[in-house]
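Chain by chain, the residues:
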Amino acid sequence: QVQLVESGGGLVQAGGSLRLSCAVSGRTFSTYTMAWFRQAPGKEREFVAAISASGGSTNYADSVKGRFTISRDNAKNTAYLQMNSLKSEDTAVYYCAANRFFLRPQADLYDYWGQGTQVTVSS
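Residues numbered from 1 in each chain as written. Predicted model: local features only at pLDDT ≥ 70, side-chain atom pairs only at ≥ 80, totals over all residues. Heavy atoms only, no water.

Draft legend 1. Just the overall build of the protein, in detail. Assigned secondary structure in the protein consists of zero helices and 11 strands. For the protein, the succession of helices and strands along the chain, N to C, is β-β-β-β-β-β-β-β-β-β-β. By the compact-globule yardstick of 14 Å for 123 residues, the protein fits well, its C-alpha radius of gyration being 13 Å. For the protein, the spread of C-alpha atoms along the three principal axes comes to 40 × 25 × 25 Å. For the protein, the proportion of its 123 residues judged to be buried stands at 45%. (Helix = DSSP H or I, 4+ residues; strand = E, 2+ residues; numbered from the N terminus. Rg over C-alpha atoms; globule rule 2.2 N^0.38 Å. Buried < 20%, exposed > 50% of the residue type's maximum accessible area, 1.4 Å probe, protein only.)

Draft legend 2. The side chain of R72, seen in detail. With respect to the secondary-structure elements, R72 resides in strand β7 (residues 68-73). Although R72 lies buried, it forms no salt bridge, and the closest oppositely charged side chain, D73, sits 8.4 Å away as judged by the N-O distance. Among the polar contacts listed, one links the side chain of R72 to the backbone oxygen of Y32, at a separation of 2.7 Å. A distance of 2.8 Å separates a polar atom in the side chain of R72 from a polar atom in the side chain of N74. (Lys, Arg positive; Asp, Glu negative; His and termini not counted. Salt bridge = Lys/Arg side-chain N within 4 Å of Asp/Glu carboxyl O. Polar contact = N/O pair within 3.5 Å; in protein donor to acceptor, adjacent residues only side chain to side chain.)

Draft legend 3. Fine view of the pattern of salt bridges. Inspection of every chain in the model, using the stated rule, returns four salt bridges. The partner of D90 in a salt bridge is R38, with the nearest N and O atoms 2.9 Å apart. Here D90, found in the loop between β8 (78-83) and β9 (92-99), pairs with R38, found in strand β4 (residues 33-39); they are 52 residues apart in sequence, far enough to count as distant. Each member of the pair, D90 together with R38, is buried. Through salt bridges with shared partners, one network takes in R38, E46, R67 and D90.

Draft legend 4. Up close: the sheet that holds strand β1 (residues 4-7). An order of β1-β3-β8-β7 is seen for the four strands of this open sheet, with the pairing classed as antiparallel. With one partner strand each, in any of the chains shown, β1 and β7 form the two edges of the open sheet. Each neighbouring strand pair of the sheet contributes to a mean axis angle of 15°, computed without reference to strand direction. (Pairing = 2+ DSSP bridges. Axes fitted to C-alpha atoms, helices over the stretch in contact; angles between N-to-C directions.)

Draft legend 5. How the structure looks around the packing of aromatic side chains. In total, this model carries six aromatic pairs according to the counting rule given. Between Y32 and Y112, the aromatic rings sit 5.9 Å apart at their centres with planes inclined by 75°, giving edge-to-face as the arrangement. Within this pair, whereas Y32 is found in the loop between β3 (18-24) and β4, its partner Y112 is found in strand β10 (residues 112-113), the two being separated by 80 residues in sequence. Assigned by exposure class, Y32 and Y112 land together as buried. (Phe/Tyr/Trp six-rings, centres within 6.5 Å; stacked < 30°, edge-to-face > 60°.)

Draft legend 6. Spatial organisation of unusual backbone geometry. Look at N77: it is not a glycine, yet its phi comes out positive at around 50°. Looking at the element boundaries, N77 is found in the loop between β7 and β8. On the basis of relative accessibility, which here comes to 18%, the residue N77 falls in the buried class.

If you want it as structure tokens, here you go:
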């Protein structure tokens, strides 16, 4: 079983930046595709970004392209989401997720999930 713990959320002004971290337990982190999803109140969970096991391939939702960057440090068993130029519509609970096979935006393809971290962007 893989355990994921997010951190780094908080309150930030529009136009500001925030970096989320996802610490992953175990010794198999380097074999997993990692992704970030988010969910705002009353809305479905939506895909934000994903990165392949090697870090050589990434995928982003159109709404965050050019503003967010997903990365990973396999030596530290940690994935990151750097968020720049934040907008009020980025406000949501952000979840880290992992799977062994897919670089896809569908939430049902991910086997492991963190507890979520709140990001609030004020205008």
